[in-house]
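# Secondary and tertiary structure notes
Listed below are the residues making up each chain.
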Amino acid sequence: MSTLLIRHARVLLTMDAERRELADGGVFVRDHVIEAVGPSGDLPAVADEVIDASDQLVLPGLVNTHHHMYQTLTRALPSVQDAELFSWLRGLYPVWANLTPEMVRISTQTAMAELLLSGCTTSSDHLYIYPNGVRLEDSLEGATAIGMRFHAARGSMSVGQSQGGLPPDRVVEGEPAILKETQRLIERWHDPARYAMRRIVVAPCSPFSVSRELMRDSALLARQYGVSMHTHLAENDHDIAYTREKFGCTPAEYAEQLGWVGPDVWCAHCVKLDPAGIGLFARTGTGVAHCPCSNMRLASGIAPIRAMREAGVAVGLGVDGAASNDAGHMLGEARMAMLLQRVAHGPERGPSAMTARGALEMATLGGARVLGRDDLGALVPGMAADIITVPLDDIGMAGALHDPVAALVFCQVPRVRHSIIHGRVVVRDGRITTLDLPVLIERHNALAAQLVNAAASTH
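Residues numbered from 1 in each chain as written. Predicted model: local features only at pLDDT ≥ 70, side-chain atom pairs only at ≥ 80, totals over all residues. Heavy atoms only, no water.

This paragraph deals with the pattern of salt bridges. Tallied over the entire structure, the rule returns 21 salt bridges. Close ionic contact of Arg357 with Glu21 constitutes a salt bridge, the shortest N to O distance being 2.7 Å. Of this pair, Arg357 sits in helix α12 (residues 356-370) while Glu21 sits in strand β2 (residues 21-30); the two residues are 336 residues apart in sequence, bridging distant segments of the chain. We classify Glu21 as partly exposed; its relative accessible area is 33%. With a closest N to O distance of 3.0 Å, Arg75 and Glu114 form a salt bridge. Residue Arg75 is located in the loop between β6 (62-64) and α1 (85-96), and its partner Glu114 is located in helix α2 (residues 101-117); the two are separated by 39 residues in the primary sequence. A residue is classified by how much of its surface remains accessible, and Arg75, at 28% relative accessible area, is partly exposed. One network of salt bridges, in which partners are shared, links Arg135, Glu137, Glu181 and Arg184. (Salt bridge = Lys/Arg side-chain N within 4 Å of Asp/Glu carboxyl O. Helix = DSSP H or I, 4+ residues; strand = E, 2+ residues; numbered from the N terminus. Buried < 20%, exposed > 50% of the residue type's maximum accessible area, 1.4 Å probe, protein only.)

Here it is as C-alpha cells:
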C-alpha cells in the first residue's frame with residue numbers, strides 16, 4: 001500500500017466536527033484513505049510521496065452537485081446569450097440534437113479538467129439527451145481517464161412538444177426504454193461501496209420534459225436498487241407556472257406526490273421553492289443543489305438559501321451546465337453563493353448568514369451530504385483522501401493573508417496547486433497529470449464548431 005504525506009500547510013482547514021483550522025498542519029494518507037490529520041510535527045516523517053504545502057492552504061476537495069458537462073460545447077452561443085430558461089432551452093435543443101459519443105466524452109473531460117483546476121474532486125453530471133448513439137458510458141469513460149470521483153446521473157426526457165412538453169420530439173425517448181437502460185447502467189456500473197469512485201443516479205430531467213408516470217416509476221426503480229435520485233425543480237417562474245397548469249400543484253407538492261422526497265433525493269436550483277416546500281425538504285432530508293451563477297445568468301432569481309439552511313435543508317453547490325454559467329470554477333461558485341446571499345439578505349453575521357466559511361462548508365460537507373456520501377467533505381481519519389492545496393503566493397491572494405481561509409472565497413483563486421483524489425495526485429503544481437490539456441482543448445474546440453455548424457446546416 002502506498003503512502004502520501006502533505007505537511008507544513010500555512011493553514012489546514014479540516015471541516016471536522018469542531019471545524020478546526022491548523023497552522024503548520026498536515027495529512028497522512030495510506031492508499032486512498034486519510035490515516036492521520038494534525039500538526040506536521042505529530043505526523044509520520046516518511047512516506048512514499050511527500051508534498052510540502054508551505055505557503056499553501058490545504059482543505060477537503062470540493063463537491064459539485066449539479067452539472068451538464070456536454071454543455072461546454074455551447075458556451076456563450078450568441079443566439080441564447082440573453083435568454084431566460086425556457087427560451088434558452090428551446091434555442092439549444094436543436095443544437096444538442098447533433099451530439100455524438102465523442103463530443104460527450106471529450107466535453108466531459110474538458111468540464112472535469114476545469115473543475116479539477118478549481119478545487120473540485122467529486123462531481124455529479126446530469127446527462128439527459130442521448131442522440132446519435134450517445135450512451136452514459138461516454139461520460140463514464142471520460143471520467144475514468146481523467147481520474148475524477150463521479151456520480152453519473154442517467155437523465156431522460158420523454159414528453160416532447162407534441163405532448164405538451166418543452167423539448168422537440170426528436171430528442172425524447174420512450175419511457176420503457178429509459179427505465180430499461182437505467183436499470184442496465186445501475187447493474188453494470190453502480191458501486192455502492194464506501195470510497196466508491198463511480199455511482200449511478202436515476203435522474204428524469206424535469207417536470208416539463210417527463211411524465212408523472214416516469215417520475216413515479218423512476219423513483220421505484222431507484223429505491224429497488226438503493227441508488228440516489230436527481231431532477232430539476234422550481235427553477236424559475238415559468239417552471240412554477242408549468243407545474244401548476246399541468247399538474248395542479250406546486251413543484252414541491254408534485255415531488256411529494258410521486259415519491260421524490262427523502263435523503264436519497266436532491267433537486268437542482270429550487271430558486272422558487274416556497275416556505276411549505278422548504279419545510280417539506282427539511283422534514284424529509286431532501287437535498288438542494290444551489291447554482292448561483294446559472295440562476296443569475298438566466299435571470300431565474302435568488303434561491304432562498306438562507307431560509308433553507310435555517311430550516312436544516314441539506315444544500316450543496318453546483319456549477320450547472322457550462323452554457324448557462326458559463327464557467328465550471330468551483331471556488332468561483334462558492335464565492336458567488338456568498339455574494340448573492342448578501343445581495344438578498346445583507347452581510348450581517350449570524351447562524352444562517354452566508355460567511356466565507358459557510359460557503360466553503362456548502363462546497364464540501366454540504367455537497368457530500370447532498371450526494372449521500374459520509375466519506376467525503378472533511379479531512380478526518382477514515383475519510384477518502386480527496387485533498388486540495390491552494391497557493392497563497394498568487395497575485396489573487398496578495399494582501400489577503402490576514403485570513404487565508406476567508407480569502408479563498410472573498411478573493412479570486414485562479415487554480416489550485418495540487419489536487420489529490422482517492423490518494424492519487426491528479427493535479428500537480430497546477431497541471432493535470434492524467435491528460436494533455438492543450439490537446440484536449442484543441443479537440444474540444446473543433447467538436448464545438450462541428451456541433452454548432454451541424455445545427456446550422458439543418459435549418
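This part is about the pairing of strand β15 (residues 418-421). Of the two faces of β15, the one holding His418 and Ile420 and the one holding Ser419 and Ile421 are both buried throughout. Bridging between strand β14 (residues 387-391) and β15 involves three bridges; their strand directions are antiparallel. In the sheet register, Ile387 faces β15, and the bridge partner there is Ile420. The sheet contact formed by β15 and strand β16 (residues 424-428) spans three bridges and is antiparallel. Its bridge partner being in β16, Ser419 is matched across the sheet by Val427. Linking β15 back to β16 in an antiparallel pair, the connection comprises two residues, with His422 at a positive phi of about 55 degrees. (Pairing = 2+ DSSP bridges.)

The subject of this paragraph is the pairing of strand β11 (residues 265-269). Counting buried positions along β11 gives five out of five residues, so the element sits mostly inside the fold. Following the backbone out of β11, through helix α8 (residues 275-284) and into the adjacent parallel strand β12 (residues 287-290), one traces a crossover that is right-handed. (Right-handed = clockwise from strand over helix to strand, strands pointing away.)

Time to look at the environment of Gly160. Mapped onto the fold, Gly160 is located in the loop between β8 (149-156) and α4 (175-189). Spatially, the C-alpha atoms of Gly160 and Glu173 are 9.0 Å apart, while their sequence positions differ by 13 residues. Residues within four places of Gly160 in sequence aside, it is in contact with Gly165, Pro167, Asp169 and Val172. (Contact = heavy atoms within 4.5 Å.)

All right, on to the nonpolar core then. In this structure, Trp88, Trp96, Phe281 and Leu408 are the most contacted members of the largest nonpolar core, which totals 143 residues. Ranked by residue count, the leading element in this core is α2, at nine residues. Once residues within four sequence positions are removed from consideration, Trp88 is found in contact with Gln71, Val80, Ala83, Trp96, Arg297, Leu298, Ala323 and Ser324. Counting residues in each nonpolar core, the second largest holds 10 residues, with Val63, Val201, Ala268 and Ala314 among its members. (Core = buried A, V, L, I, M, F, W, Y, C linked by side-chain atoms within 4.5 Å.)

In this section: α12. The end-to-end C-alpha distance of α12 is 20 Å, a good match for the 21 Å that 15 residues give at a rise of 1.5 Å each. At Met362, α12 is bent by approximately 40 degrees, the largest bend along its length. Those residues of α12 that sit buried are Ala356, Gly358, Ala359, Leu360, Met362, Ala363, Thr364, Gly366, Gly367, Ala368 and Val370. (Expected span 1.5 Å × (residues − 1). Bend = angle between axes of the 7 residues up to and from the residue.)

Ring pairs (aromatic) are described by centroid distance and by the angle formed between their planes. Counted according to the given criterion, the structure contains eight aromatic pairs. Between Trp88 and Trp96, the aromatic rings sit 5.7 Å apart at their centres with planes inclined by 75 degrees, giving edge-to-face as the arrangement. With respect to burial, Trp88 and Trp96 carry one shared label: buried. Ring geometry for Phe208 against Tyr242: centres 6.3 Å apart, planes inclined by 80 degrees, an arrangement best described as edge-to-face. Here the residue Phe208 occupies a position in the loop between β9 (198-204) and α5 (212-225), and Tyr242 occupies one in helix α6 (residues 237-247), the gap between them amounting to 34 residues. The pair Phe208 / Tyr242 is uniform in exposure class, with both members buried. Three or more aromatic residues link up through ring pairs in this structure, and these residues are Tyr70, Trp88, Tyr93, Trp96 and Tyr128. The ring of Tyr130 has Arg154 sitting right over it, with the charged end atom 3.8 Å from the ring centre. (Phe/Tyr/Trp six-rings, centres within 6.5 Å; stacked < 30°, edge-to-face > 60°. Lys NZ or Arg CZ within 6 Å of the ring centre and 35° of its normal.)

Assignment of secondary structure puts Gly430 in the loop between β16 and β17 (431-432). The spatial distance from the C-alpha of Gly430 to the C-alpha of Val390 is 9.4 Å, given a sequence separation of 40 residues. Not counting residues up to four positions away in its chain, the partners in contact with Gly430 are Leu117, Arg415, Val416 and Arg417.

Attention shifts here to α5. For α5, which comprises 14 residues, the first-to-last C-alpha distance of 20 Å matches the rise-based estimate of 20 Å (1.5 Å per residue) to within 8%. For α5, the secondary structure elements touched by its buried residues are β8, α4, β9, β10 (229-233) and α7 (251-257). Once α5 finishes, Gly226 follows within two positions and takes phi at roughly 70 degrees, a positive value.

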